[in-house]
Amino acid sequence: MSGKKVTSRAELEQVAFDLFERHGFEHTTVDDIAAAAGIGRRTFFRYFRSKNDVPWGDFDGELARMRRRLRGVPAGEPLMGSIRQAIVDFNRVAPEQLPAHRKRMELILRVPALQAYSTLRYADWRQVIADFVAERTGQAADALLPQAVAYAMLGVAVAAYEQWLSNAAADDDLGELLDEAMHTLSTAFAL
């Protein structure tokens, strides 16, 4: 960072990603990130709960946005179509941010040290979906149907991301892959 002190979460995230790329996620410490950012360790923890939290960016903010979007769905809209649209919207990335998003998802999905932490973040994501299904069906969020839909939607989203990451040379549109994956699941039930 050339001696310049980092003053935002986004800047700190970029410093961390640069270090992850150069040294690997496992070999980069919070102290390394703080030093490269020109901040103290305590300041790092004002921005992120842990090093494992860095690749997830503003995940909590995005979950809140998805929850608001689902709450705004009119009562008569089809359940699965509403979820599909919300998931595609949740994962929408500006074209200029796609290379950085690809690096983010490579870390989240492919670095073994992040797998346990990812399980916690996935639970938060599934809860948003389960709450919506529960509200629409009159069931408790921990009932089988809301949980099954939430787990299935997460599986579909992860499968689409894996496909997107595997075809780095291809110009696959992430939103289209997610949309196609959701439709594929729907048609599989009709077989």
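Here, the structure is the one placed above.
The paragraphs below set out a description of the structure included in this document.

Rules used in this analysis
- Residues numbered from 1 in each chain as written.
- Predicted model: local features only at pLDDT ≥ 70, side-chain atom pairs only at ≥ 80, totals over all residues.
- Heavy atoms only, no water.
- Core = buried A, V, L, I, M, F, W, Y, C linked by side-chain atoms within 4.5 Å.
- Buried < 20%, exposed > 50% of the residue type's maximum accessible area, 1.4 Å probe, protein only.
- Helix = DSSP H or I, 4+ residues; strand = E, 2+ residues; numbered from the N terminus.
- Contact = heavy atoms within 4.5 Å.
- Expected span 1.5 Å × (residues − 1).
- Axes fitted to C-alpha atoms, helices over the stretch in contact; angles between N-to-C directions.
- Parallel < 35°, antiparallel > 145°, perpendicular 65-115°, else oblique.
- Nonpolar A, V, L, I, M, F, W, Y, C, P; charged D, E, K, R; others polar.
- Salt bridge = Lys/Arg side-chain N within 4 Å of Asp/Glu carboxyl O.

Judged by nonpolar contacts, the single largest core of 38 residues is most densely connected at M66, I83, I87, W125, I129 and M153. Going through the elements one at a time, helix 4 (59-71), helix 5 (79-90), helix 6 (98-110), helix 7 (112-137), helix 8 (144-166) and helix 9 (174-190) are the ones with two or more residues in this core. In terms of residue count, helix 8 provides more of this core than any other element does, 10 residues in total. Ignoring sequence-local partners within four residues, the contact set of I87 consists of W125, I129, M153, L178 and M182.

Let us look at helix 6. The end-to-end C-alpha distance of helix 6 is 17 Å, a good match for the 18 Å that 13 residues give at a rise of 1.5 Å each. Along helix 6, the residues classified as buried are H101, R102, R104, M105, L107, I108 and L109.

Orientation of helix 6 relative to helix 7, taken along the N-to-C sense of each, is 95°, at an axis distance of 6 Å. The angle between the axes of helix 6 and helix 7 places the two elements in the roughly perpendicular class. Contacts from L107, I108, L109 and R110 of helix 6 reach helix 7 at P112, L114, Q115, S118 and Y122. Its residues assigned to classes, the contact of helix 6 with helix 7 comprises six nonpolar, two polar and one charged.

Now for the pattern of salt bridges. Applying the stated criterion across every chain, the model contains 15 salt bridges. As a salt-bridge pair, E13 and R104 come within 2.4 Å of each other at their nearest N and O atoms. With E13 in helix 1 (residues 9-23) and R104 in helix 6, this pair connects stretches of sequence that are 91 residues apart. Judged by its relative accessible area of 13%, E13 falls in the buried class. On the accessibility criterion, R104 (17% relative accessible area) is buried. Within this structure, R49, D53, D60, R121 and D124 form a network of salt bridges that share partners.

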